[in-house]
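Structure assessment
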Amino acid sequence: MNNLETLAPRWYSSEDVATSISPARARCLIEAALQEDFDPADDPARVNSPLGTGHLLLMPSIIGRWAGIKIAAVGPDNPSHGKPRIQATYILMDSLTLSPVALMEGSLLTALRTPAVSAAAANRLSAADASELLIFGTGIQAWGHLVAMAEIRTLTTVMISGRSAEKVDDLVQRAQSLGLNARVARESDIATADIIVCATSASEPLFDGSTVKDGACIVAIGSHETDRRELDSKLMGRSHVVVEGVAAALREAGDVVIAIDEGELETARLSTLSGLLRGSFDRSTDRPNVFKGSGMAWQDLAIAIGIHEG
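Attention here is on the structure that accompanies the text. (Residues numbered from 1 in each chain as written. Predicted model: local features only at pLDDT ≥ 70, side-chain atom pairs only at ≥ 80, totals over all residues. Heavy atoms only, no water.)

1. Overview of the side chain of Ser126
The criterion, for reference: Going along the chain from the N terminus, every DSSP run of H or I of four or more residues is numbered as a helix, and every run of E of two or more is numbered as a strand. Whether a residue is buried, partly exposed or exposed follows from its accessible area with a 1.4 Å probe, protein chains only, as a fraction of its type maximum: under 20%, in between, or over 50%, in that order. N or O atoms closer than or at 3.5 Å make up a polar contact, with two conditions inside protein: a donor-capable atom paired with an acceptor-capable one, and, for residues adjacent in sequence, both atoms drawn from side chains. Note on definitions: a residue-residue contact is assigned when non-hydrogen atoms from the two residues lie within 4.5 Å.
On the secondary structure map, Ser126 appears in the loop between α4 (106–125) and β7 (132–136). Overall, the relative accessible area of 3% leaves Ser126 in the buried class. Polar contacts involving the side chain of Ser126 include one to the main-chain carbonyl oxygen of Ala122, which spans 2.6 Å. Not counting chain neighbours up to four residues away, the residues in contact with Ser126 comprise Arg153, Ile195, Cys217 and Arg283.

And the structure:
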């Protein structure tokens, strides 16, 4: 066997990724990473490079003896060409020599890690008896979050809201196939929902945040751009806001940045996911609890390590 064959990294297809890690296991990997001697603030900033009709995202990270980078290509016009809007590949390396040991299909990796992070946050920011889930969005992240939330709470009602009635109906039926009581959302559901998930490509607030009840948990993961948001500033201002990392949120989270710019939120009031998972504070019952996620490189790495190590 020659050196090139010896050094050839193992390839994990989307099927391999899907069969290697369950949603529950993915959440445990995220939680475990933050229980170790690791600070998400040490993650290098995501590099966003315009390219062609879209842009490339480069997301490097290092945790212990492992390092990795996700290369994601974002093509806004891809659906019209029969391609996904986001396509990605992950390279897993040992941190000592940076030698590649594995390549992974990265789009499904993203589809796994984002709901896992949200579920880790919602498991602590929502009431123990939370039972009503309202989801804005009908794409792969909406489905992933539905499954993830159903694993951390006993859901009595799932409500789906989206721009396409056909896609809403499809997601309702998929939820019903899991044995969940699912239906099309109504505007009045915002006031009663225990958990609200926003997984859309919206650039403007999806709903009037004043109607969200105290103690509710809101998860917003729709964008990583400072000029786009899913939640209005009034809701952000009256909520306990948890972010993946303060510096990352100020770079990429429009929901946070716009609320600060409009004078409704102060940087000093932001809490972090690591603090939440390490027990530095508890959920609030006298105001809503918002988790704003825009995705960080360490999250992909934590899941990639779990897939490779088995």
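Once you've had a look at it, read on.
2. A word on the nonpolar core
Basically, it comes down to this: In this text, buried Ala, Val, Leu, Ile, Met, Phe, Trp, Tyr and Cys residues form a nonpolar core when linked through side-chain atoms within 4.5 Å.
If you look at the biggest cluster of nonpolar residues, it comprises 64 residues, and the most contacted ones within it are Leu92, Leu273 and Trp298. For this core, the element with the highest residue contribution is α4, accounting for nine residues. Apart from residues no more than four positions distant in its own chain, Trp298 is found in contact with Ile30, Ala33, Leu34, Phe38, Pro40, Asp43, Ser61, Ile63 and Leu273. Counting residues in each nonpolar core, the second largest holds 24 residues, with Ala216, Ile218, Val243 and Ala253 among its members.

3. Let's talk about helix α5 (residues 140–152)
Our working rule: Helix span, expected: 1.5 Å multiplied by one less than the number of residues in the helix.
Taking 1.5 Å per residue, 13 residues should reach 18 Å; α5 reaches 19 Å between its end C-alpha atoms and fits that length. Counting buried positions over the 13 residues of α5 gives ten, a clear majority of the element. Of the residues making up α5, those classed as buried are Gln141, Ala142, Trp143, Gly144, His145, Leu146, Val147, Ala148, Met149 and Ile152.

4. As for the packing of helix α3 (residues 23–35) against helix α11 (residues 297–309)
Put simply, the rule reads: Lines are fitted to the C-alpha atoms to define the axes, a helix being fitted only along its stretch in contact, and any angle between axes, read from their N-to-C directions, falls within 0 to 180 degrees. With the far helix as reference, a near helix turned anticlockwise by less than a right angle produces a left-handed crossing, and one turned clockwise produces a right-handed crossing. By the convention adopted, Pro, Cys, Tyr, Trp, Phe, Met, Ile, Leu, Val and Ala count as nonpolar, Lys, Arg, Asp and Glu as charged, and the other residues, Gly among them, as polar.
At a minimum axis separation of 9 Å, α3 and α11 run at an interaxial angle of 115°. The two elements α3 and α11 meet at a crossing, and its hand is right-handed. Note on element contacts: α11 touches α3 through Trp298, Gln299, Ala302, Ile303 and Gly306, opposite Ala26, Leu29, Ile30, Ala33 and Leu34. For the contact of α3 with α11, a count of residues per class yields eight nonpolar, two polar and no charged.

5. Structural notes on empty space enclosed by the protein
A probe as big as a water molecule, rolled over the atoms, marks out the empty space that is left. Inclusion rule: Grid points spaced at 1 Å over the protein atoms alone were grouped into cavities, where a 1.4 Å probe fits but cannot get out, and pockets, open sets with protein on both sides within 12 Å along at least five of seven lines, with lining residues defined by an atom within 4 Å of a point. Grid points are joined across faces, edges and corners, and a volume is the space filled by probe spheres set on the points.
For the structure shown, the criterion picks out one cavity of 30 Å³ or more. Taken as a whole, the largest cavity encloses approximately 60 Å³ of empty space. Per-class residue counts for the lining of the largest cavity are five nonpolar, one polar and four charged.

6. Comments concerning the sheet that holds strand β2 (residues 47–51)
Defined as follows: Strands qualify as paired when DSSP identifies two bridges or more between them.
If you walk across this open sheet you meet the six strands as β1-β6-β5-β4-β3-β2, and the pairing is mixed. Two strands bound the open sheet, and with one partner strand each, they are β1 (10–12) and β2. With strand direction ignored, the average angle separating the axes of adjacent strands in the sheet is 15°. Of the strand pairs in this sheet, strand β3 (residues 54–63) and strand β4 (residues 66–74) are connected by nine bridges, and their pairing is antiparallel. Considered in β4, the bridge of Leu58 is made with Ile71. Here α11 sits on the sheet in contact with β1, β3, β4, β5 (86–94) and β6 (100–105), set at roughly 65° to β3.

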